[in-house]
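Survey of secondary and tertiary structure
Residues per chain are reported as follows:
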Amino acid sequence: MNDPHGSNHLPILIEYQLSGQNNDIINNTHKCWKTDKADWIKYQNHMNTTFAGSYDQMIENINTAAGISIPKINHSRKNNTHSYKPWWNENCHDKVTDRKKAYKIYNENPNLQNLSNYKRLDALAKKTLKETKRQKWKEYCGSLNKNTPIKEVWSKLNQYKNRKKENRMPLNSEAIWIESFHCKLSPPWVNYKTTEINDENTNLDTSVIDSSSHLLKVFTLPELNIALKQHNNTAPGKDNITYSMLAQLPENSKIELLEIYNTIWLLKAPIPSDWYEYIVIPQRKPGKPLEEADSYRPIALASCALKTYERLIKNRLEHWLEKNYLLARFQYGFRRGRSTNEALAILTNDIQISFTNNQSVMATFLDIKGAYDNVLIDRLTIKLNKLGIPPRITLHLRNLYVNRSIYLKINNSITTSRVTSVGLPQGSILSPLLFTIYTMDLETILGKNVKLI
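The text that follows walks through the structure, step by step, so that each part is easy to find. (Residues numbered from 1 in each chain as written. Predicted model: local features only at pLDDT ≥ 70, side-chain atom pairs only at ≥ 80, totals over all residues. Heavy atoms only, no water.)

**Digging into the overall build of the protein chain**
Along the backbone of the protein chain there are 15 helices and eight strands. For the protein chain, with 453 residues in total, the buried portion stands at 40%. In the protein chain, the proportion of contacts linking residues at least 24 apart, taken out of those at least 6 apart, comes to 74%. By element, 52% of the accessible surface of the protein chain is carried by carbon and sulfur atoms, the whole surface being about 27500 Å². (Helix = DSSP H or I, 4+ residues; strand = E, 2+ residues; numbered from the N terminus. Buried < 20%, exposed > 50% of the residue type's maximum accessible area, 1.4 Å probe, protein only. Contact = heavy atoms within 4.5 Å. Areas by Shrake-Rupley, 256 points an atom, 1.4 Å probe, with all protein chains shown as cover.)

Printed below as a string of structure tokens:
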């Protein structure tokens, strides 16, 4: 160890190697694209080939074009242990470098003079870091205004307090909680049969689009362009295709992609098998113990092509629900044009009115454990039908979420798949809206003087 980082205590280094290997782990060096360094003109030139209406051919063409025009980052590289410090400058770097050199000299030739020199430079480095950090924090606070995003403020505060993000999971891939976590995602139940959608169970002629129903119409190119603009460039799914690759497709490729989506939407083609494959990353909740399955939140990485398709459905379904006033009156989260600030304003207003009238307000706050994980897909389908959504669409949505293959990502390796037909995927575009529909009838069972916000 070449640097004790300002400490006078020298550590004892012990190396050991764990024996055994989990047979369920597949050694997989997952790679991602460095899209900020992409040559998009070169990418678009290589995408001027037809998909011939084939989803698999589209995926292959995109990966081929990306391999030529976008550099990759190998996730198997060593993680950078140095956290970003917004207050760091050249003066801090010089003082820390001088301290490291002094420590190296003392470590090679330990005597009183070298120790005294190291302690002097160590004290000077600590003083410089403290003063620089304080000055930069004052400058940042002076730059804040009403338009500064609160997320940015919290992020900056955590950086100044040196609060590092907790590891998403322990390094030991044989930890006991992993099996419990996997069983929670994919309980050992009999797999669902994918429901065939036909005239008998929909009471609709699936070969003809009902022009009177906005929900049943084919998707248009403007709808696709809106869906592609609404994304954040999040991590890709198992097919390794990012949102930016879809957004940067040339116009003719977007038209072919839209035709593929509409073919699936019109039930003239099966749902691609890639859309049933989810890579789940366990993300530990703050302050929760490492060795308990309930301490981890499952974040699902799905195909970005699937999530774009989900966004097309969500935008149309959300518009139809809002237009027909079908969503719960006091539902403020996950709704366009509303926020939880309105719910907070209602609660505050009721408290103030009660104070004025010498009355009381009773509030109960609920945190639903495993909310998405415990949604029953068949019950959700029934609730969608009760809202008047065409059965063809509800059964299509059902088929999107049954028999999903779950791949658990442990560090940089991926486990063998398990199948689940329970719950809604965390990270799915449609999950918040579908969960809102799943729970909206709670409002109907409450008394007149009770508000659910």
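Continuing now.
**Describing the pattern of salt bridges**
Within this structure, the stated rule accounts for eight salt bridges. A salt bridge links Asp122 to Lys126, with the shortest nitrogen-to-oxygen separation between them at 3.5 Å. Residue Asp122 and its partner Lys126 are both found in helix α4 (residues 112–143); the two are separated by four residues, about one turn of the helix. Take Asp122: its relative accessible area is 6%, and that puts it in the buried class. For Arg316, the salt bridge goes to Glu223, with nearest N and O atoms at 2.8 Å. Here Arg316 is found in helix α11 (residues 304–323), whereas its partner Glu223 is found in helix α8 (residues 221–229), with 93 residues between them in sequence. (Salt bridge = Lys/Arg side-chain N within 4 Å of Asp/Glu carboxyl O.)

**Here we look at the packing of aromatic side chains**
A complete count under the given rule lists 14 aromatic pairs for this structure. Measuring from ring centre to ring centre gives 6.4 Å for Trp265 and Tyr309, while their planes differ by 75 degrees; the resulting arrangement is edge-to-face. One end of the pair, Trp265, is in helix α10 (residues 251–265); the other, Tyr309, is in helix α11, and 44 residues separate them in sequence. Residue classification places Trp265 among the buried positions, given a relative accessible area of 2%. The class of Tyr309 is buried, set by a relative accessible area of 0%. In this arrangement the basic side chain of Lys383 is found over the ring face of Tyr438, its NZ or CZ atom lying 4.6 Å from the centre. Positioned above the aromatic ring of Tyr278, the side-chain terminus of Arg404 is 5.7 Å from the ring centre. (Phe/Tyr/Trp six-rings, centres within 6.5 Å; stacked < 30°, edge-to-face > 60°. Lys NZ or Arg CZ within 6 Å of the ring centre and 35° of its normal.)

**Here we look at the packing of α10 against α11**
Two numbers describe how α10 lies on α11: the axes approach to 11 Å, and their chain directions differ by 65 degrees. For the element pair α10 / α11, the angle class is roughly perpendicular. Crossing handedness for the pair α10 and α11: right-handed. Where α10 abuts α11, its residues Tyr261, Ile264 and Trp265 lie against Ala305, Thr308, Tyr309, Leu312, Ile313 and Arg316. The residue makeup of the contact of α10 with α11, split by class, is seven nonpolar, one polar and one charged. (Axes fitted to C-alpha atoms, helices over the stretch in contact; angles between N-to-C directions. Parallel < 35°, antiparallel > 145°, perpendicular 65-115°, else oblique. Left-handed = near helix turned anticlockwise from the far one by under 90°. Nonpolar A, V, L, I, M, F, W, Y, C, P; charged D, E, K, R; others polar.)

**Considering the pairing of strand β6 (residues 404–410)**
Counting buried positions over the seven residues of β6 gives seven, a clear majority of the element. With burial as the criterion, each face of β6 is covered, one bearing Arg404, Ile406, Leu408 and Ile410 and the other bearing Ser405, Tyr407 and Lys409. Pairing geometry for strand β4 (residues 277–284) and β6, over four bridges, is parallel. Within β6, the position partnered with Ile279 by the bridge is Tyr407. Examined bridge by bridge, β6 and strand β8 (residues 418–420) share three bridges and lie antiparallel to one another. Each residue of the ladder has a partner; that of Ile406, found in β8, is Arg418. Pairing of β6 with strand β7 (residues 413–415) involves two bridges; the strand directions are antiparallel. By the bridge assignment, Ile410 is partnered in β7 with Ser413. Connecting β6 to the next strand, β7, in antiparallel fashion are two residues, including Asn411 with a positive phi near 55 degrees. (Pairing = 2+ DSSP bridges.)

**Observations regarding helix α14 (residues 391–401)**
When you tally the buried positions in α14, you get 10 out of 11 residues, the bulk of the element. Where α14 ends, the next residue or the one after it, Asn403, has phi of about 55 degrees, a positive value.

**A closer look at a nonpolar patch on the surface**
Taken together, the side chains of Leu442, Ile445, Leu446, Val450 and Leu452 make up a nonpolar region of the molecular surface, amounting to roughly 420 Å² of accessible area. Within the fold, Leu442 resides in the segment after α15 (431–439). (Patch = residues over 30% accessible without salt bridge, like charges linked within 9 Å, V, L, I, M, F, W, Y side chains within 5 Å.)

**Section: the environment of Met440**
Along the chain, the position of Met440 falls in the segment after α15. Through-space distance from the C-alpha of Met440 to that of Leu452 is 9.8 Å; in sequence the pair is 12 residues apart. Those residues in contact with Met440, other than ones at most four positions away along the chain, are Leu326, Leu327, Ala328 and Leu387.

**Focus: unusual backbone geometry**
Unlike most non-glycine residues, Leu267 shows phi in positive territory, near 65 degrees. On the secondary structure map, Leu267 appears in the loop between α10 and β4. Even without glycine at this site, Tyr325 takes up a positive phi of about 55 degrees. With respect to the secondary-structure elements, Tyr325 resides in the loop between α11 and α12 (340–356).

**Concerning empty space enclosed by the protein**
Counted under the stated rule, the structure contains five cavities of 30 Å³ or more. In terms of lining, the largest cavity is formed by 15 residues, of which the most central are Leu185, Asp373, Arg404, Leu424 and Pro425. Residue assignment for the lining of the largest cavity shows that the elements contributing at least two residues are α6 (176–185), β4, β5 (296–301) and β6. (1 Å grid on protein atoms, 1.4 Å probe; cavity = no way out; pocket = protein on both sides within 12 Å on 5 of 7 lines; lining within 4 Å. Points joined across faces, edges and corners; volume = space filled by probe spheres on them.)

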